[in-house]
Amino acid sequence: MSRIPTLVVLMHDVFGTAVAVLLCLLSCHVALMMLDRARRGTGGGRAIWIGATGATGGFGVWATHFTAMLAYRPGVPLSFVLGPTLLSLLIAVLATSLAVSLSARTARPGRQLVDDLAAGMIFGAGVAAMHFVGMSAVTGPDRMSWNVPLVVVSLLVGGGLSSAAFMSQRRRRTSPLERLIPAALLALSIAGLHFIAMSAVTMHAMSDMARAAHGPVASPHGMILMIGVVALAVLSIGVAAAFFALRAERTVWQHEMGFRLLVEGVHDHAIFMLDPKGRVSTWNVGAQRLKGYAADEILGRNFEEFYSAEERQAGVPQRMLAEARDGTVMREGWRYRKDGTSFWAGVTLGPARDADGALVGFVKITRDQTGRKEAADRITQVSRNLDIALENMSQGLSLFGADGRLVLANGRCAALFGLAAHEVYPGLTHRALLEAVHARLDLPEPARQRQVDAACAQHAALLPPGQGGQLQLQLGDGLAVQVTVRPMEDGGWVATYEDVTERLRADARIAYLAHHDGLTGLANRARFNEVLRRELMLADRAGARLAVIGIDLDKFKEINDQHGHAIGDQVLVVLAERIRSVQADDELVARLGGDEFAAAKRFDDIAELHAFVARLEDCLSRPITLDRLELRPDASIGVSLFPQDALTAETLMGNADLAMYRAKMALRERICFYEAEMDEAARSRRVMTAALWEALERDEFHLHFQVQRKVSSNEVTGLEVLLRWRHPEWGLVPPVKFIPLAEECGAIVPIGEWVLRAACREAATWTMPYKVAVNLSAVQLGDEHLAAHVSAILAETGLDPRRLELEMTETAIVVDKVRSLHTLQQIKALGVSIAIDDFGVGYSSLETLRTFPFDRIKLDRSFMTEVEHTPESKAILRAILALGRSLNIPVLAEGVETRVQLDILGVEGCTEAQGYFLGRPGPIPTDGIIRPAPPPVF
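Residues numbered from 1 in each chain as written. Predicted model: local features only at pLDDT ≥ 70, side-chain atom pairs only at ≥ 80, totals over all residues. Heavy atoms only, no water.

S.K.: It is not clear to me how the overall build of the protein should be interpreted in this structure. Could you clarify?
M.R.: Summing up its helical and strand segments, the protein has 34 helices and 30 strands in all. Put simply, the protein has 938 residues, and 43% of those count as buried. Considering only intrachain contacts with a sequence separation of at least 6, the fraction spanning at least 24 residues in the protein is 63%. (Helix = DSSP H or I, 4+ residues; strand = E, 2+ residues; numbered from the N terminus. Buried < 20%, exposed > 50% of the residue type's maximum accessible area, 1.4 Å probe, protein only. Contact = heavy atoms within 4.5 Å.)

S.K.: Would you mind showing me how to read a nonpolar patch on the surface here?
M.R.: A cluster of nonpolar side chains, contributed by Leu 87, Leu 90 and Leu 94, occupies part of the molecular surface with about 290 Å² of accessible area. Checked against the element boundaries, Leu 87 lands in helix α4 (residues 82–104). A relative accessible area of 43% means that Leu 87 is categorised as partly exposed. (Patch = residues over 30% accessible without salt bridge, like charges linked within 9 Å, V, L, I, M, F, W, Y side chains within 5 Å. Areas by Shrake-Rupley, 256 points an atom, 1.4 Å probe, with all protein chains shown as cover. Salt bridge = Lys/Arg side-chain N within 4 Å of Asp/Glu carboxyl O.)

S.K.: What's the story with helix α34 (residues 899–908) in this structure? I'm lost.
M.R.: Since the α-helix advances by 3.6 residues per turn, residues separated by three or four positions end up pointing in the same direction. Within the span of α34, buried status applies to Gln 901, Leu 902, Ile 904, Leu 905 and Glu 908. Projection of α34 onto a plane perpendicular to its axis shows the buried side chains occupying an angular sector of 160°, all on one side. The inward-facing, buried residues of α34 contact α32 (862–866), α33 (871–886), β29 (891–894) and β30 (912–914). With its phi angle positive at about 90°, Gly 909 sits one or two positions after the end of α34. (Arc of directions from axis to C-beta.)

S.K.: Would you mind going over the UniProt feature "transmembrane region" (unreviewed entry) in the protein with me for this structure?
M.R.: When the UniProt feature table is mapped onto this chain, "transmembrane region" (unreviewed entry) is found at residues 14–35, 47–72, 78–101, 113–134, 146–168, 180–203 and 223–246. A helix fraction of 83% and a strand fraction of 12% characterise residues 78–101, whose end C-alpha atoms lie 36 Å from each other. Across residues 180–203 one finds 83% helix and 12% strand; the C-alpha atoms that close the span lie 36 Å apart. (UniProt positions renumbered as here; feature names shortened; annotations may be inferred.)

S.K.: Help me understand the packing of helix α19 (residues 525–542) against helix α23 (residues 649–665), please; the structure alone is not making it clear to me.
M.R.: The relative placement of two packed helices comes down to the angle between their axes together with the axis-to-axis distance. Following both chains from N to C, one finds α19 and α23 inclined at 110°, their axes separated by 10 Å at the closest point. Classified by the interaxial angle, the pair formed by α19 and α23 is roughly perpendicular. Read as a crossing pair, α19 and α23 show a hand that is right-handed. Residues Phe 528, Leu 532, Arg 533 and Leu 536 of α19 lie in contact with α23, whose contacting residues are Ala 649, Glu 650, Leu 652 and Met 653. (Axes fitted to C-alpha atoms, helices over the stretch in contact; angles between N-to-C directions. Parallel < 35°, antiparallel > 145°, perpendicular 65-115°, else oblique. Left-handed = near helix turned anticlockwise from the far one by under 90°.)

S.K.: Can you walk me through the sheet that holds strand β16 (residues 587–593) in this structure?
M.R.: Sheet strands line up and pair through hydrogen bonds in the backbone, either parallel or antiparallel. Strand order in the open sheet formed by five strands is β16-β17-β15-β20-β21, with mixed pairing between adjacent strands. For this open sheet the edge positions go to β16 and β21 (671–673), each flanked by a neighbour on one side alone. Within the sheet, the average angular offset between the axes of one strand and its neighbour, ignoring direction, is 20°. With three bridges connecting them, strand β20 (residues 635–642) and β21 associate as parallel partners. When the sheet's bridge partners are listed, Ile 637 is paired in β21 with Ile 671. Relative to the sheet, α19 contacts β15 (545–553), β16, β17 (596–603) and β20, its axis offset from that of β17 by approximately 20°. (Pairing = 2+ DSSP bridges.)

S.K.: How should I be thinking about the pairing of strand β8 (residues 342–353) in this particular structure?
M.R.: Every other side chain in a regular strand lies on the same face of the sheet, so the side chains alternate between the two faces. Among the 12 residues in β8, nine count as buried, and that is most of the element. Sheet topology places strand β7 (residues 329–336) next to β8; eight bridges connect them, and they run antiparallel. Within β8, the residue paired with Arg 335 across the bridge is Phe 343.

S.K.: Sorry if this is basic, but what is going on with helix α21 (residues 565–582) here?
M.R.: Given a rise of 1.5 Å per residue, 18 residues ought to cover 26 Å, and the 26 Å separating the end C-alpha atoms of α21 matches this to within 8%. By the burial criterion, the buried members of α21 are Ile 567, Gly 568, Val 571, Leu 572, Leu 575, Ala 576, Arg 578 and Ile 579. (Expected span 1.5 Å × (residues − 1).)

S.K.: Before we go on, may I ask you to explain the sheet that holds strand β6 (residues 269–274) in this structure?
M.R.: Strand order in the open sheet made by the four strands is β6-β9-β8-β7, with antiparallel pairing throughout. Strand pairing shows two members of the sheet lacking a second neighbour, β6 and β7, which therefore form its edges. Neighbouring strand axes in the sheet, compared pairwise and without regard to direction, differ in orientation by 30° on average. Taken together, the six bridges between β6 and strand β9 (residues 359–368) define a ladder with antiparallel strand orientation. By the bridge assignment, Ala 270 is partnered in β9 with Thr 366. Across the sheet, helix α14 (residues 370–392) touches β7, β8 and β9, and the angle it forms with β8 is around 130°.

S.K.: Would you mind going over the pairing of β16 with me for this structure?
M.R.: Taken across its seven residues, β16 has six buried, putting it largely inside the fold. Both β16 and β17 contribute to a ladder of six bridges, which runs antiparallel. In the sheet register, Arg 591 faces β17, and the bridge partner there is Phe 597. The loop that links β16 with its antiparallel partner β17 comprises two residues; one of these, Gly 594, has a positive phi angle of about 60°.

S.K.: Please explain the packing of aromatic side chains as it appears in this structure.
M.R.: When we look at a pair of aromatic rings, we describe it by the centre distance and by the angle of the planes. Evaluation of the coordinates by the stated rule reveals 15 aromatic pairs. Plain terms: the ring middles of Phe 303 and Tyr 307 are 5.8 Å apart, the flat faces sit at 90° to each other, and that makes the pair edge-to-face. Phe 303 sits in the buried class, given a relative accessible area of 0%. For Tyr 307, a relative accessible area of 2% translates into the label buried. Summarising the aromatic geometry, the rings of Phe 400 and Trp 493 are spaced 4.9 Å apart at their centres and angled 15° between planes, so their arrangement reads as stacked. Of the two residues, Phe 400 is situated in strand β10 (residues 396–400) and Trp 493 in strand β14 (residues 493–499); the sequence distance between them amounts to 93 residues. Judged by relative accessible area, Trp 493 falls into the buried class, the value being 5%. Each residue in the set Phe 701, Trp 725, Trp 730, Phe 738 and Trp 754 is aromatic and connected to the rest through ring pairs, giving one cluster. Residue placement shows Lys 601 over the ring face of Phe 612; its charged tip is 5.9 Å from the ring centre. Just above the ring of Tyr 916 sits the side chain of Arg 920; from NZ or CZ to the centre is 4.2 Å. (Phe/Tyr/Trp six-rings, centres within 6.5 Å; stacked < 30°, edge-to-face > 60°. Lys NZ or Arg CZ within 6 Å of the ring centre and 35° of its normal.)

S.K.: Just checking my understanding: could you explain unusual backbone geometry for this structure?
M.R.: Among all residues except glycine, the phi angle is most often negative; among peptide bonds, the trans geometry is most common. Here the bond from Phe 642 into Pro 643 is cis, since omega is 10°, no more than 30 degrees from zero. The residue Pro 643 is located in the loop between β20 and α23 in this model. Positive phi, close to 60°, is recorded for Asp 699, a residue that is not glycine. Among the structural elements, Asp 699 can be located in the loop between α24 (676–695) and β22 (701–710).

S.K.: So what exactly am I meant to see when it comes to the pattern of salt bridges here?
M.R.: Close approach of charged atoms lets side chains of opposite charge pair. Overall, the coordinates contain 38 salt bridges when judged by the stated rule. A salt bridge links Glu 305 to Arg 301; the nearest nitrogen and oxygen atoms lie 3.2 Å apart. Among the ionic pairs, Glu 694 bridges to Arg 698, the shortest N-O distance being 3.0 Å. Accessibility expressed as a relative area gives 34% for Glu 694, which makes it partly exposed. Each member of the salt-bridge network shares a partner with another, and the members are Asp 586, Glu 587, Lys 601 and Arg 615.

S.K.: Got a minute to help me understand the packing of α21 against helix α22 (residues 606–621) in this structure?
M.R.: Contact geometry of α21 with α22 gives a least axis separation of 9 Å together with a crossing angle of 150°. Classified by the angle their axes make, α21 and α22 are roughly antiparallel. Regarding α21 and α22, the two cross each other, and that crossing is right-handed. Here Leu 575, Arg 578, Ile 579 and Val 582 of α21 lie close against α22, whose contacting residues are Arg 615, Leu 616, Cys 619 and Leu 620. Counted by class, the contact of α21 with α22 contains six nonpolar, no polar and two charged residues. (Nonpolar A, V, L, I, M, F, W, Y, C, P; charged D, E, K, R; others polar.)

S.K.: Please clarify how the side chain of Glu 912 should be interpreted in this entry.
M.R.: Mapping Glu 912 onto the fold places it in strand β30. Separated by 2.8 Å, the side chains of Glu 912 and Thr 717 make a polar contact. (Polar contact = N/O pair within 3.5 Å; in protein donor to acceptor, adjacent residues only side chain to side chain.)

S.K.: Help me out: how do you make sense of the nonpolar core in this one?
M.R.: Considering soluble globular proteins, one finds that nonpolar side chains tend to be buried as a cluster. Trp 725, Val 772, Val 774, Leu 804, Leu 806 and Leu 905 are the most contacted members of the largest nonpolar core, which totals 73 residues. Per element, the largest residue contribution to this core is eight residues, and it comes from helix α26 (residues 748–763). Here Leu 905 is in contact with Val 711, Met 864, Leu 877, Ala 893, Val 896, Cys 910 and Ala 913, once residues within four sequence places are set aside. (Core = buried A, V, L, I, M, F, W, Y, C linked by side-chain atoms within 4.5 Å.)

Right, dumping it as structure tokens:
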């Protein structure tokens, strides 16, 4: 790189180099100025400017190169072969023309940057090609050798600076010095490429004989003369062309600016010109605002765009254009904007002629007169609409003057009161109208006049200015008319009449439903609470006693499940009718929701309360016959007394519920009175419920397993999982105590998931592939994601699905048979076995065995207790075993506690058994092997 300064300073003539640089800068400035003209031109004008720029700029680049070559002093005499020299000139002109063409074409802003970058690269490549082809024309040295890295650097400098020059030239610059920046960059790219490329060459002297063999050459002095003359001529032509073009453009611009200022100053009119064929040639701001088209969108398009398709098809625009040739035409009509919206336009279209009178186009002025037309149309329409509105109102309407006489009334006014149209006429007094209305009532004359007087008095009270208001007329046949009076400043008034009969009935119905159950007609919860608080207040003041009674139907859910909700609703209606038939005026009975009822009664003698409760029990326990079905809903009743049991409505209701639940749990009592011990039991249940939710987090649960064996061989076939809870304060809590509570509060779902996961994880570690049986509750079976949870747990623990058996009672299944069947089918598809537990008690439905995919029947332990002593139990056992064989479902007997029981099972053909005799529940041995159970001790 150090050769470059040496080459420029020591191997070039200073004057010649200065001339070359000046010529390069001048030609670059002229070429970029002409490029700006080419960018502004269109069509053929742009092509001419591109060609002129290519010739001027290309020749300037070529002249710069050869002037610098003439200033070059390599120590070897130089001359130039004519052919390559002219070829280099042609390359410079073509490359410049191509670069200018690419940079001057119209493109979007993002594309312009790419075009300028490409133009710079093409120009740089062309200059490089011109340089090296020109160097091939040099004669004098024996040979030339090149420094390739410097050649590459010269190409990069030339291309990069050329691209920067083209991109910089597009920016708007104000000062003369700023305008020279693009020319300086372009000149620097040409000079940089030239001098770096010249530093890359080494010339070796050549013999005279070899030089003569190259043919005709041009001498340096001849080249200087030719380059000087041609360069001066070409640059002069380019400067002159740009100058005259600029002057012409300024003149046109001044004229256009004057017209534009005149036209653009008008914003509320669309003013534009059409050519003789009706194409838009100018466009002002008012036109853009009014019609929505930008100038570049509409220029050159026919003014038919502003008309509807029907008008264009009918030739309306062209007829208007033809009329305008003879003079100015004015029209009004709908015109259309770019977005398709329309406006009412006032259009003036006149011809535009030149000095010789020849038609050069048309001047079109459009005004938006939509507001004026709408105002005129409204005035025309108001009277017509007023008549239509008055005659089609659902309300009657009348206008009275200050003298109290009718000015106008619509047809509905007469029809509403059952009057003929001729009976309601202008000039009729207000009192006469009211007398005509009340004349239809079947009332004695004095009574009718009193009603007319009352209506007139009510009406007069609404007439003072600023007063107004409403009154109601109650007429015959239940007709209710609401009159709204609006006083006017002149003393008259407007009255509207609306039939509100149905609305009043609906309001009454809504008010009724707000306090009564929609199905039974009994009081609802809101009404019961409202009356109960009032009754408590009265009882407290009078020192009386009050009973709050909670009622729950025992078999209503069973009726719904077995016979459907329609039958259940009919049962509720029948019970409500019975209750109303025996209910006294001072007694309150309400339906709180579902099968839950409540009652309240103030009493002085306890015998009154007992009689009321007995009547309720009789109504609720008597059989109901519907569709040949005899249904007995039965009910559990709890009673709480004020003031001895509680003082507030909420506490009384809670205590009545506690007593009712005690009655529900009792075998023989249907009616229970509240006792303080019930509240203590409820608190204990709440404490245990809270502890249940915390037990999982505290790791208080653990599993025991009870073995299941073959009756014939004592071989282990599986183990049933049994959940145990050891509380830190209460010790071991019996499952019969906490399992039902977990099902009630919902804790059984996370507990059941923990049991399933822990059992599968434990079983996966056993040495022997025993089956593990896990119980499912009704709550778990109702979970639609149960199958997915089972699948995830099996995948997590790695237990073979064939080793897992899920047990459930028939009671859990019948809660929702459809969902249960779907869930069990999904679980069955995983390869998991399904067993029905506690079979023989509860429903014991053969339909359930047929429908559901059970793999095993587990006989309830109650049969084993009696099988040794009662032939009936043995017969039932034999029947269930036969049923299992016929359905090909194995039967396992639970609760085997003696050898006699096991022997009976063997005789009857039972294959599997489980019970204390075969193995007590407990943890699995550490080696995972179940050993024979020791003989029981009695």
